[in-house]
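Coordinates in review
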Amino acid sequence: MQYAHLGRSGLKVSRLALGTMNFGDVTDEAESFKIMDAALDAGINLFDTADVYGGPQSPDMEQGYGLSEEIIGRWLAQGGGRRARIVLATKLYQPMGTGPNDKYLSAYKIRRAAEDSLRRLKTDHIDLYQMHHVDRSTPWEEIWQAMEQLVREGKVVYVGSSNFAGWQIATAQNAAASRNFLGLVSEQSLYNLTARTIELEVIPALRHYGIGLIPWSPLGGGLLGGVLKKIEGGRRTTPHMQEIIERHRPQLEAYEALCAEIGEEPADVALAWLLNNPVLTATIVGPRTVDQLAKNLNAPKVALSEDTLRGLDEIWPGPGGEAPEAYAW
């Protein structure tokens, strides 16, 4: 397994991060345990979850959410040095109850959400605590004060963001700098060959501030995983996915043909393309089974030539570069 610094921090994490959104919903606890064991054995040390992961919420919102963290907590409780071998990342922001303060990023919510996640994860600290979304109604002074308190108490080591715009990253970092606080070390964004909007302003902001990019949905919801070949093999897709496939069929045909030409699996090519970006620290993979995880492990070994990279750009063009040049002239 290859490792890289988490943004400008001194912490090194595996270039593939284990995403656990399926744990407790699509994937049961026994299989989740096997996936985490296999990930650890493969050298993956960045485990990513969120308080809201785990399945559909119940009508009273008292059950469903939090199951992913609970499963990870029970896996960690088995001992064997598991906790010391992983970089544990979770998130907060989304509603975790029906009360007016059960969501977003007030200092009240941050404190409570952290304590709840620690309890579910059965640990005394969170290595990377990520804001799942920007909270436009809470001032950065309040957010950073709450995060600083958690860091002082040893309950949080690093802070990250997710789904932030470029200007929001800049605002957050400037506010942190004014408090002599490290601020953000990572940003989780939607990024893959089919979704390249963040190349305009988010990636330039991350590069400027030394913040590591951690893409989610690297395979475009399965679109980049050899979907045409799977359909030909008799595997069904949902009506929604079938609609997306038909919309992108010419691109998908060209993409899968290019992958076949260079002798690599489409999923590996999609992940390798992301890992080729110097701003990127790690990419999330969210296997539902041990078998799926095993198939992802080859991606960091795939080297893409300049010709292949140009071919991918032709099939899946980005926004034209970085802002403002991409649209100003």
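Parameters at a glance
Residues numbered from 1 in each chain as written. Predicted model: local features only at pLDDT ≥ 70, side-chain atom pairs only at ≥ 80, totals over all residues. Heavy atoms only, no water. Helix = DSSP H or I, 4+ residues; strand = E, 2+ residues; numbered from the N terminus. Contact = heavy atoms within 4.5 Å. Core = buried A, V, L, I, M, F, W, Y, C linked by side-chain atoms within 4.5 Å. Buried < 20%, exposed > 50% of the residue type's maximum accessible area, 1.4 Å probe, protein only. Arc of directions from axis to C-beta. 1 Å grid on protein atoms, 1.4 Å probe; cavity = no way out; pocket = protein on both sides within 12 Å on 5 of 7 lines; lining within 4 Å. Points joined across faces, edges and corners; volume = space filled by probe spheres on them. Nonpolar A, V, L, I, M, F, W, Y, C, P; charged D, E, K, R; others polar.

A few points about the environment of Leu6
Positionally, Leu6 belongs in the loop between strand 1 (3-5) and strand 2 (12-14). Measuring from C-alpha to C-alpha, the distance between Leu6 and Ala282 comes to 8.2 Å, with 276 residues separating the pair along the chain. Those residues in contact with Leu6 that sit more than four places away from it in its chain are Leu11, Leu128, Val185, Ser186, Ile214 and Thr281.

What about the nonpolar core?
Of all hydrophobic cores here, the largest spans 60 residues; its most connected members are Tyr129, Met131, Trp144, Met147 and Tyr255. Excluding residues within four positions of it along the chain, Trp144 makes contact with Met131, Val159, Ala172, Gln173, Ala175, Ala176, Arg179, Phe181, Gly183 and Leu184. Listed in part, the 21 residues of the second largest apolar core include Leu16, Leu18, Leu76 and Leu88.

Examining helix 13 (residues 306-315)
Three or more residues of helix 13 are buried, namely Thr308, Leu309, Gly311, Leu312 and Ile315. The buried residues of helix 13 occupy one face: seen down the axis, they fall within an arc of 160 degrees. Facing away from the buried surface of helix 13 by more than 90 degrees, the exposed residues are Glu306, Asp307 and Glu314. Each element contacted by the buried residues of helix 13 is listed here: helix 10 (249-262) and helix 11 (266-275).

Quick word on the layout of surface pockets
Counted as a void, the largest pocket has a volume near 1400 Å³. Contributing to the lining of the largest pocket are 39 residues, with Leu219, Gly221, Gly222, Gly286 and Arg288 lying nearest its centre. Within the residue set of the lining of the largest pocket, elements represented by two or more residues are helix 8 (227-232), helix 11, strand 10 (283-285) and helix 12 (290-296). For the lining of the largest pocket, the per-class residue count stands at 12 nonpolar, 17 polar and 10 charged.

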